[in-house]
Amino acid sequence: MSKNSTISQLYLNINELERVEMGEKIIIYQPYDEVQILLAENASCLAVKTYLKMLGRDFVVKSCTNAEFMAPGKRTKLPVVQIGAFLAAEFDPIINLFEHKKMSLTENFNADDKDDLVTYLSLVDMILTNAELYITWCDNTVLNEITKKRNGSVYPFPLNYIQNFRKRSAVLKQLSFYDYKNLTFEEVVDKVDKLCSTLVLKLGDKDYFFGENPTELDAMVFGHFFCIFTMELPTSVSLLKETINKYTQLTQFCGRIEKKYFGKIKN
Amino acid sequence: MGAGKSKESNTKSSATVDFTRFKARVAKININGLDRTKDDYVQRACKKLFAAKTFQDVLMETNHAYENLIELGIYKNLKAFIDSDKSANASQNGYVVSFDGDELTRITGTIGTEIGQNDGALTAELVSPNIFGRGERLSINYSYSYIKATEMNLKFLKPFYHTEFGDYKPETSITIFRHSNVFPWSRFKSDHAGFLLDFSFLMPLSITHSLQYECGMKEIFASNKQTPFFIRQECGPRLASIFRHIGAYDTRDDRVFPSQGIYVRTTSELIGDKLSNYGAVKCDGHVEMNVPLFAGMSLQLSGRLGKLFENQRVMKPLPIDSLFFLGGPLSLRGFDPAGATPSQEGLPKGSRVYWATGLHLWAPLPFSRYFGDFGDLFRTHFFYNFGNCDTLSLDNLRIAAGVGLAFRIGGRARIEFNYCYPLRKQKNDRIRPAFQFGIGYEFL
């Protein structure tokens, strides 16, 4: 191939482009950790951060009050990730974006494993996210003592009341779509309990769900469980934490990931 | 209107009768047809009738009283009668003035179309006039426009025409509103909901003032995936607490195709992002001057100026939906809508200061006198627009000139069809040479 041929030029250009993309800065936009962020949002943000750590990519976290409104669409989505000109929100679209950019944890997976992965991902996402939303917005103690204060903290009076109301109605709509709205707290915990036993079966004695190497599922499970462990919840909903704590394999799994990827975070 | 003065001047008999010769006094005024309207609300409207000394005065004041009564907003139709006083102890020059009419029904409604700025809208309105008998008016209206902007208002208005300050036409109102706007050129939508308190009155020199307080929630949405990040950063709900003053002065002979007169409108706003935190002042003004020339032609000079003063130590910078955008068929012709505004990532990002002027030579259509009234619906014009963003100087000027045809719609709006030549543009401006179409009610 001569140095000046069109094809070689094109090849060089493509390589150049990919290299630039690899060097692109990744920015995660999320609500303020200390005062604003809620359980489900925190879990989703932590899952994405863990995923990026697993990919070995550096990222910058920017806190801003309106992070949840940056993504297109009526529903609020978190976190928002910006890579160069690309923008994606929520766990799934973010993973798709990275795979589009040829960055994946599951390149060598066969079709069966991939199907498995997708199934587990959607199962974990649905049950844990809805359980978290249920606790944050349907349990009266949590709602009045924590959720309303945190969610309204960034808005001036009287917008804080309006935003709390709007967000709660949106969440209730979502919960009723998944048939979670009319469940009792015990029933929700029961669902989480079942999920945990399924996950323990899948995990077995392995380091990660799919063997030696971490996958998206590990990132997501860690994100959710770690947030539930560390979040200070009133005693009325402590049953959830206790239920997950029963499964020592899962707590050990979280401890392993925390130690490996977030050495600095103290529980 | 002194009666004594006119007595000397009508020795000659003429075809028209000089009513000032006849002494008259109004003995009685009947106002009929009112049921739920309170008496004190209409009394002031006719007070001046009793001061009439000649029959001419009676006629004039009856006319005034008629207008006043109509203005009160309680009558559907109204007739005035003047008759001599026929009661037993009537004086010789006594007259009785009667107003007969039908009161407005409890609920009236309209459905129609409305012309907005480069936009047409379908509107529906439901009004309950004169609720408590003193002109109070409750109205609900909804409009949906061509570019998918919606507007919903619930308004309660209370006039104070019957009080001793009635000459100043004081009016108060409270409005609960919800507007949604589309900014297609910058790919975002905005929602604005809240309430508005308004107090407006007429001051000497015929300047109308409106003092308003508005408190509401403004929310910006990215309209699609192509919305750039600098706009997304401003998405989300915000509180907007605004004190506003609107002053207007209008001596034009016509709103659509004026040939003489001056029109000035200024809007000043004090904007806050909390109820107790105000950090921005927004001023916007529009001036128009018309000078009649020969052969039905007229010269029009108009100008607009807007400036935003912000104290960034007090408040975060105002988001994009509060900024100024220049360009488009209603302001700087020959440019795309908002096309003369500084841009970022290829989209207009708004400007904190702008000015623009327009110079028009208006002329009727050639041979328009053969078309009668139909010809009056049209005007031709030559225009020369220039303006600028981000600075009040003459640097980086944007200029456009052209010729066009304008068509009157109703008493307020017009359609313009222009051939434009952008003469000078700046880098990244988006121009639209050749034909451009504009529809609206306030043009530059």
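Quick caveat: nothing in here was measured; it's all calculated off a predicted structure. For every chain, the first residue of the written sequence is number 1, and numbering continues from 1 onward in sequence order. By the order in which they are written, chains take letters starting at A while ligands take numbers starting at 1. In view of the model being predicted, local features appear only for residues whose pLDDT reaches at least 70, and side-chain atom pairs are presented and counted only at 80 or more, with totals across whole chains, interfaces and linings using the full set of residues. Heavy atoms throughout the structure, all of them, feed into the side-chain values; hydrogens and water do not.

S.K.: Kindly report on the overall build of chain B, identifying the contributing residues and their values.
M.R.: Secondary structure elements follow DSSP: runs of H or I of four or more residues count as helices, runs of E of two or more count as strands, with numbering from the N terminus. Counting its secondary structure elements, chain B contains 5 helices and 21 strands. If one aligns the C-alpha atoms of chain B with their principal axes, the spans along those axes are about 85 × 55 × 40 Å. A simple rule labels every residue: compare its accessible area, found with a 1.4 Å probe on the protein chains alone, to the largest value its type can have, and call it buried under 20%, exposed over 50%, or partly exposed in between. The buried share of chain B, taken over its 444 residues, is 44%. Once local pairs closer than 6 in sequence are excluded, the contacts in chain B between residues at least 24 apart make up 57%. Contact between two residues is taken to exist if any of their heavy atoms lie within 4.5 Å; hydrogens are not considered.

S.K.: An account of unusual backbone geometry is requested, with residue identities and associated values reported.
M.R.: Along the chain, A:Leu78 connects to A:Pro79 via a cis peptide bond; the corresponding omega equals -15 degrees. Residue A:Pro158 is reached from A:Phe157 by a cis peptide bond, and omega for that bond is 0 degrees. Along the chain, A:Pro158 falls in the loop between helix H5 (140-152) and helix H6 (159-177). Even without glycine at this site, B:Asn130 takes up a positive phi of about 55 degrees. Structurally, B:Asn130 is set in the loop between strand E5 (119-129) and strand E6 (137-145).

S.K.: Explain the environment of A:Thr198 residue by residue, including any values.
M.R.: Residue and element names in this part refer to chain A. Looking at the secondary structure, you find Thr198 in helix H7 (residues 185-203). Residue classification places Thr198 among the partly exposed residues on the basis of a relative accessible area of 31%. Along the sequence, Thr198 and Tyr120 sit 78 residues apart, while their C-alpha atoms lie 9.5 Å from each other.

S.K.: Please provide a residue-by-residue account of the sheet that holds strand E2 (residues 60-63) of chain A, values included.
M.R.: Residue and element names in this part refer to chain A. At least two DSSP bridges between two strands are needed for those strands to be called paired. One open sheet accounts for 4 strands, arranged E2-E1-E3-E4; its pairing is mixed. Two strands lie at the open edges of the sheet, namely E2 and strand E4 (86-89), each paired on one side alone. Averaged over all pairs of adjacent strands, the angle between their axes in this sheet comes to 25 degrees, without regard to strand direction. Bridge count between strand E1 (residues 26-30) and E2: 4 bridges; the pairing is parallel. The residue bridging Ile28 from the neighbouring strand is Val61, located in E2. Contacts from helix H2 (residues 39-55) reach E1, E2 and strand E3 (80-83) within the one sheet, and its direction differs from that of E1 by about 165 degrees. Strands E1, E3 and E4 of the sheet are contacted by helix H3 (residues 91-100), whose axis makes an angle of about 145 degrees with E4. Only the stretch in contact is used when a helix axis is fitted, and all axes are lines through C-alpha atoms; the angle between N-to-C directions ranges over 0 to 180 degrees.

S.K.: Please give an account of the domain arrangement of chain B that cites residues and values.
M.R.: Residue and element names in this part refer to chain B. Each domain's extent was defined by an automatic or database domain assignment. For chain B, the assigned domains read domain 1 (16-103) and domain 2 (160-440). On a C-alpha basis, the centroid separation for the pair domain 1 and domain 2 is 44 Å. Across the boundary between the two partners, domain 1 contributes 5 residues, which contact 7 residues of domain 2. Put simply, buried area is the surface a 1.4 Å probe can reach on two separate parts but cannot reach once they are joined, added for both. Where domain 1 abuts domain 2, roughly 570 Å² becomes buried across the two surfaces, and 49% of that area is made up of carbon and sulfur atoms. Looking only at domain 1, the three residues that lose the most surface to domain 2 are Tyr41, Arg44 and Glu71, adding up to 78% of its buried area. Throughout this description, the term salt bridge denotes a Lys or Arg side-chain nitrogen within 4 Å of a carboxyl oxygen of Asp or Glu. The partner of Asp167 in a salt bridge is Arg44, and the shortest N-O contact between them spans 3.6 Å. Residues adjacent in sequence count toward polar contacts only when both atoms are side-chain atoms; beyond that, a polar contact is any pair of N or O atoms within 3.5 Å, and within protein one must be able to donate a hydrogen and the other to accept it. The tally of links from domain 1 across to domain 2 stands at 2 residue pairs in polar contact (both at pLDDT 80 or more). Class assignment of the residues belonging to the side of domain 1 that touches domain 2 gives a composition of 2 nonpolar, no polar and 3 charged. Each residue is assigned to one of three groups, with Ala, Val, Leu, Ile, Met, Phe, Trp, Tyr, Cys and Pro labelled nonpolar, Asp, Glu, Lys and Arg labelled charged, and all others, Gly among them, labelled polar.

S.K.: Got a sec to walk through the interface of chain A and chain B? Specific residues and values, please.
M.R.: Listed per partner, the contact involves 18 residues of chain A and 18 residues of chain B. When the two sides are added together, the surface that chain A and chain B hide from each other amounts to roughly 1400 Å², 67% of it contributed by carbon and sulfur. With a shortest N-O distance of 2.9 Å, B:Glu219 and A:Arg166 are connected by a salt bridge. Summed over the shared surface of chain A and chain B, the number is 4 residue pairs in polar contact (both at pLDDT 80 or more). The element that contributes the greatest number of residues to the side of chain A that touches chain B is H6(A), accounting for 4 residues.

S.K.: An account of the side chain of A:Asn160 is requested, with residue identities and associated values reported.
M.R.: Along the chain, A:Asn160 turns up in helix H6. Apart from residues no more than four positions distant in its own chain, A:Asn160 is found in contact with A:Gly152 and A:Tyr155.

S.K.: Please set out the confidence of the model for chain B residue by residue, giving values where relevant.
M.R.: Confidence scores labelled pLDDT are given residue by residue by the predictor and lie between 0 and 100. The predicted model of chain B has a mean per-residue pLDDT of 86, with 97% of residues at 70 or higher. Throughout residues 1-13 of chain B the model reports pLDDT below 50, and contacts reaching past four residues in sequence, or to other chains, amount to 7 contacts.

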